[in-house]
Amino acid sequence: MSSPGLIPTFSTAVNTWQCDENDHLNVQFYTEFGHEASAHLLASLGFGPRAQRAAGIATRAADDHVRYLREFRVVEPVEVHSAPVEVGDRHIVAYHEVRNPAGGHVAATIRRRIAAAEPWPAEVRARAEAAAVELPAAARPRSVGKLDLPDLALADAAKAGLIEVGRTQITPDECDENGEFLPRHQFGRYSDGAPVLWNHLGFDRAAMQDRQEGSVVVEMLNRYRRPLRAGDLVVTMSGLAAFSDKVLTFTHFLFEAESGTLAASAEAVGMKFDQKVRKIMTFSAEDRTRLAAQQIRF
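Residues numbered from 1 in each chain as written. Predicted model: local features only at pLDDT ≥ 70, side-chain atom pairs only at ≥ 80, totals over all residues. Heavy atoms only, no water.

Caption draft 1: Examining the overall build of the protein more closely. Each helix and strand in the protein was counted, giving seven helices and 11 strands. Over its C-alpha trace the protein gives a radius of gyration of 19 Å, about what one expects of a compact globule, namely 19 Å for 298 residues. Expressed as lengths along the three principal axes of its C-alpha atoms, the size of the protein is roughly 60 × 45 × 30 Å. Within the protein, the fraction of its 298 residues that count as buried is 50%. Restricting to contacts in the protein with at least 6 residues of sequence separation, those with at least 24 account for 75%. Looking at the protein, you have 34 positive and 39 negative side-chain charges, and the mean spots of the two groups are 4 Å apart. (Helix = DSSP H or I, 4+ residues; strand = E, 2+ residues; numbered from the N terminus. Rg over C-alpha atoms; globule rule 2.2 N^0.38 Å. Buried < 20%, exposed > 50% of the residue type's maximum accessible area, 1.4 Å probe, protein only. Contact = heavy atoms within 4.5 Å. Lys, Arg positive; Asp, Glu negative; His and termini not counted. Charge placed at Lys NZ, Arg CZ, Asp CG, Glu CD.)

Caption draft 2: Structural detail: the nonpolar core. Counting residues in each nonpolar core, the largest one holds 45 residues, and the members touching the most others are Phe-33, Phe-72, Val-98 and Phe-250. When residues in this core are grouped by element, the largest group, five residues, is from helix H1 (residues 27–44). Those residues in contact with Phe-33 that lie beyond four places of it in its chain are Phe-10, Thr-12, Gln-18, Leu-25, Val-78, Val-80 and Val-98. Counting 13 residues, the second-largest nonpolar core is a separate cluster that includes Leu-41, Leu-45, Trp-120 and Ala-128. (Core = buried A, V, L, I, M, F, W, Y, C linked by side-chain atoms within 4.5 Å.)

Caption draft 3: Structural view of helix H5 (residues 183–200). Relative to the 26 Å expected for 18 residues at 1.5 Å per residue, H5 spans 26 Å between its end C-alpha atoms, a close match to the ideal helical length. If you check which residues of H5 are buried, you get Pro-183, Arg-184, His-185, Gln-186, Phe-187, Gly-188, Arg-189, Tyr-190, Ser-191, Gly-193, Leu-197 and Trp-198. At the C-terminal side of H5, Gly-202 shows a positive phi close to 95°. (Expected span 1.5 Å × (residues − 1).)

Caption draft 4: Representation of the side chain of Ser-38. Examined against the element boundaries, Ser-38 turns out to sit in helix H1. We classify Ser-38 as buried; its relative accessible area is 5%. A distance of 2.8 Å separates a polar side-chain atom of Ser-38 from the backbone oxygen of Gly-34. Setting aside residues no more than four positions away along its own chain, Ser-38 makes contact with His-96, Arg-112 and Ile-114. (Polar contact = N/O pair within 3.5 Å; in protein donor to acceptor, adjacent residues only side chain to side chain.)

Caption draft 5: Quick look at the environment of Ala-126. One can find Ala-126 in helix H3 (residues 122–131). Looking at Ala-126, the relative accessible area reads 44%, which means it is partly exposed. Ala-126 sits 86 residues away from Gln-212 along the chain, and the two C-alpha atoms are 52 Å apart.

Keep in mind that these numbers describe shape and distance, not what the molecule does.
This is the structure we're talking about:
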């Protein structure tokens with residue numbers, strides 16, 4: 001059962017190609033589930049894709065906050081139930097509850113801020129306000145949202161201690177129907193660059209894999225600052241913002257390479273993961289000394 005007031009907005013099952021080295025669903029696909037659920041939620045309010053085109057009003061994601069609570073494994077079913085939790089003149093904050101109906105548990109929560117280019121039509125806003133629920137406590141930010149990430153330029157990223165973890169080009173299949181870079185693939189760029197960052201911090205990811213040690217992300221907040229389009233060149237820069245004996249807080253910055261402007265920035269909370277017993281690991285004193293030397297400061 002989903003939380004009261006939520007409606008079904010998405011369903012699927014986990015595919016093999018969506019899973020990573022930890023043999024569980026990669027973080028980028030939770031974002032994709034929330035993206036598609038957002039479209040269905042807006043449609044339930046009378047403002048789906050066709051209605052948006054008819055009204056000439058475009059919408060896009062402004063930020064995504066995700067808490068990863070339980071793993072999804074291959075072939076497990078996925079259901080998303082959703083509702084608005086905040087309604088403004090030109091924004092709606094949607095709550096998406098990602099559930100495993102076979103296990104009967106919540107696997108993740110997504111809080112997405114959806115921004116509109118023009119004020120919502122009166123009837124859409126009225127429906128959204130009538131459908132609004134309170135954001136559950138478990139879905140609220142726990143370890144992210146505390147950093148004041150600057151609107152950096154690419155030329156200044158290395159000076160702040162960030163390192164390059166990816167240099168790619170956006171392809172048409174990574175974009176939505178409006179030609180803009182999909183949120184899923186922004187999260188994918190962070191995920192793809194994570195091994196490079198872990199190696200930079202002194203953790204040999206290949207050796208870790210041989211020991212059946214991996215890494216997991218338990219919470220992420222991504223702010224979409226400027227849209228990217230097919231053909232754009234992208235540089236991903238990342239760094240270590242904070243750490244404890246078990247937790248690392250990473251920052252990721254996604255730049256459009258030609259202009260050097262910041263397209264998105266994220267905070268991610270990660271941990272070292274024992275794949276054999278599927279439990280979080282503790283960093284050694286040597287690890288913590290090394291991490292302290294790599295910590296960035298804006």
